[in-house]
Amino acid sequence: MPEITIELNEGRSIEQKRALCKGITDVVVETCMVLADRVVITIHETQLVNKAVGGQLFADHLLTPSR
């Protein structure tokens with residue numbers, strides 16, 4: 001049973017998550033030759049205040065213009 005974990009920043013709609021899971025499942029079914037109901041996907045969402053890059057919170061990146 002293939003298990004996939006996806007790490008995402010918060011903010012995706014449920015429609016986007018459905019489409020992502022469907023697309024990933026389709027690829028796993030084709031490449032691993034398993035039934036779709038054997039593919040398990042877990043989405044971990046991270047709040048932007050709990051993640052940083054370059055020493056700056058992702059939430060702060062949204063408040064400042066890109067360089």
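Residues numbered from 1 in each chain as written. Predicted model: local features only at pLDDT ≥ 70, side-chain atom pairs only at ≥ 80, totals over all residues. Heavy atoms only, no water.

Enquirer: Is there a simple way to think about the pattern of salt bridges in this case?
Expert: Should their charged atoms come close, side chains of opposite charge can pair. In total, this model carries 2 salt bridges according to the counting rule given. Among the ionic pairs, Lys17 bridges to Glu45, the shortest N-O distance being 3.0 Å. Taken as a pair, Lys17 in helix α1 (residues 14–32) and Glu45 in strand β2 (residues 40–46) lie far apart in primary sequence, 28 residues in all. A relative accessible area of 40% means that Glu45 is categorised as partly exposed. Of the charged contacts, one joins Asp26 and Lys22 as a salt bridge, the two residues approaching to 2.8 Å between their closest N and O atoms. With Asp26 and Lys22 both in helix α1, this residue pair falls 4 residues apart, about one helical turn. (Salt bridge = Lys/Arg side-chain N within 4 Å of Asp/Glu carboxyl O. Helix = DSSP H or I, 4+ residues; strand = E, 2+ residues; numbered from the N terminus. Buried < 20%, exposed > 50% of the residue type's maximum accessible area, 1.4 Å probe, protein only.)

Enquirer: It is not clear to me how the state of the cysteines should be interpreted in this structure. Could you clarify?
Expert: Here a disulfide denotes one covalent bond, and it connects the sulfur atoms of two cysteines. Evaluated as defined, the whole model comprises 0 disulfides. The cysteine Cys21 is free of any disulfide, with Cys32 supplying the nearest cysteine sulfur at 16 Å. (Disulfide = S-S within 2.5 Å.)

Enquirer: Explain the side chain of Asn9 to me, please; I cannot follow it from the model alone.
Expert: Its location among the elements puts Asn9 in strand β1 (residues 3–9). Excluding residues that lie within four positions of it along the chain, Asn9 makes contacts with Glu45, Thr46, Leu48, Lys51 and Phe58. (Contact = heavy atoms within 4.5 Å.)

Enquirer: Could you clarify how one ought to interpret the confidence of the model for the chain in this entry?
Expert: For residues with low pLDDT, the predicted coordinates do not support detailed interpretation. Residues with a pLDDT of 70 or more make up 93% of the chain, whose mean pLDDT is 92. Ranking the elements of the chain by mean pLDDT puts helix α2 (residues 58–63) last with 79 and α1 first with 98. (pLDDT = per-residue confidence, 0-100.)

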